[in-house]
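One letter stands for each residue in the lines below.
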Amino acid sequence: MAPMFANSRTISSAQTDIHDQLAARVQRHLDEPFRKPIGAPSQQAFDAASEAWQRAGAKPLIIDAGCGIGESTLRLATAFPDHYVIGVDQSEKRLTAGKDWWDAEMPVNFHWARADLVDFWRLLQQGGVHVVRHYVLYPNPWPKIGHLGRRWQGHAVFPALAACGDYLECRSNWKVYIDEFAAALTMVGRPAQTEAWQPETPMTPFERKYGASGHGLWRCTSLRLA
């Protein structure tokens, strides 16, 4: 199990509700295609992950977006043994760090991909890859009012993110982030629900640390309509 330090400060922000520019930002990203070229390293990582998934029998696919050190990937692979989990993170250091904190048998139904999520989400969308479950766990909240564009719901990649996963879940220790994420999903045609969240077993080191520090935890879930 990853180490726990119960010393995390709560998020402080002058923003106390959904950003008043969120709707305009989401609409702009729906109207204007995101033309940033796909990076070669991300394309290579995507191809390698796709090959690993195919070699495993192309089982129902789960994406663990921003997986960090990979604890959430391992927990998802363990919880869904009949699925295949691809954990994506841009940090080689986090992905390749020792896993001596994992005190159970390592699952075999997963792959870690070092890639830019902005590229990876678009590659999934462009390839028409069917993702059954999609997790975005404790992304950087970017809590300053001027940081809306750095939050996933305010980023140009959000339409591609929102297109990924029959089931989509985002978690955060900042309620505003979750409220915004749900509002943005609704704006792109995905009904979403929010709720206070207390996991039986933390999925990530952040979830463990925030919970031990007494933070409120929140999640947004969305089930794609048939």
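Here goes a summary of the coordinates provided. The model shown is predicted, which means the values in this text are computed figures rather than measured ones.

Helix and strand content of the chain: eight helices and seven strands. Relative to a compact globule of 226 residues, whose C-alpha radius of gyration would be 17 Å, the chain shows 17 Å and is just as compact. Each of the three principal axes of the chain carries a C-alpha extent, and together these read 45 × 40 × 35 Å. Expressed as a percentage of the 226 residues in the chain, the buried residues total 49%. Partitioning the intrachain contacts of the chain with sequence separation of at least 6 by distance along the chain shows that 78% fall at a separation of at least 24. With an accessible surface of roughly 11200 Å², the chain has 53% of that area assigned to carbon and sulfur atoms. The distance from the centre of the 24 positive side-chain charges to the centre of the 23 negative ones in the chain is 5 Å.

Moving on, we get to the pairing of strand β5 (residues 167-172). Counting buried positions over the six residues of β5 gives six, a clear majority of the element. Burial along β5 is two-sided: Tyr167, Glu169 and Arg171 facing one way and Leu168, Cys170 and Ser172 facing the other are all buried. Strand direction decides the pairing type here: strand β4 (residues 131-137) and β5, joined by five bridges, are parallel. Within β5, the position partnered with Arg133 by the bridge is Tyr167. The pairing of β5 with strand β7 (residues 218-223) spans six bridges and is antiparallel. The residue of β7 that forms the bridge with Tyr167 is Leu223.

The next point concerns the layout of surface pockets. Taken as a whole, the largest pocket holds about 920 Å³ of empty space. Taken together, 37 residues form the lining of the largest pocket, with Asp89, Arg94, Tyr138, Pro139 and Asn140 sitting closest to its centre. For the lining of the largest pocket, the secondary structure elements donating two or more residues are β1 (61-65), α3 (71-79), β2 (84-89), α5 (117-126), β4 and α8 (205-212). The element contributing the most residues to the lining of the largest pocket is α8, with three residues.

A separate point is helix α2 (residues 40-55). With 16 residues, α2 ought to run about 22 Å at 1.5 Å a step, and its terminal C-alpha atoms sit 23 Å apart, in line with that. Of the surrounding elements, those touching the buried residues of α2 are β1, β2, β3 (110-114) and α5. Gly57 lies just past α2 and shows a positive phi near 100 degrees.

Read across the sheet, seven strands follow the order β3-β2-β1-β4-β5-β7-β6 without closing on themselves; strand pairing throughout is mixed. Bordering the open sheet on either side are β3 and β6 (193-196), each of which pairs with just one other strand. If you compare each strand with its neighbour and ignore which way they point, the axes differ by 15 degrees on average. In the sheet, β1 pairs with β2 via five bridges, with the strands oriented parallel. Considered in β2, the bridge of Leu61 is made with Tyr84. Sitting on the sheet, α5 touches β1, β2, β3 and β4, and the angle it makes with β1 is about 160 degrees.

The phi dihedral of Tyr138 is positive, around 55 degrees, even though this residue is not glycine. Tracing the sequence through the fold places Tyr138 in the loop between β4 and α6 (158-162). Look at Tyr138 and you get buried, because its relative accessible area is 7%. In this model, Trp142 sits at a positive phi of 45 degrees, which is unusual for a non-glycine residue. Judged by its relative accessible area of 27%, Trp142 falls in the partly exposed class.

Cut-offs used in this document
Residues numbered from 1 in each chain as written. Predicted model: local features only at pLDDT ≥ 70, side-chain atom pairs only at ≥ 80, totals over all residues. Heavy atoms only, no water. Helix = DSSP H or I, 4+ residues; strand = E, 2+ residues; numbered from the N terminus. Rg over C-alpha atoms; globule rule 2.2 N^0.38 Å. Buried < 20%, exposed > 50% of the residue type's maximum accessible area, 1.4 Å probe, protein only. Contact = heavy atoms within 4.5 Å. Areas by Shrake-Rupley, 256 points an atom, 1.4 Å probe, with all protein chains shown as cover. Lys, Arg positive; Asp, Glu negative; His and termini not counted. Charge placed at Lys NZ, Arg CZ, Asp CG, Glu CD. Pairing = 2+ DSSP bridges. 1 Å grid on protein atoms, 1.4 Å probe; cavity = no way out; pocket = protein on both sides within 12 Å on 5 of 7 lines; lining within 4 Å. Points joined across faces, edges and corners; volume = space filled by probe spheres on them. Expected span 1.5 Å × (residues − 1). Axes fitted to C-alpha atoms, helices over the stretch in contact; angles between N-to-C directions.

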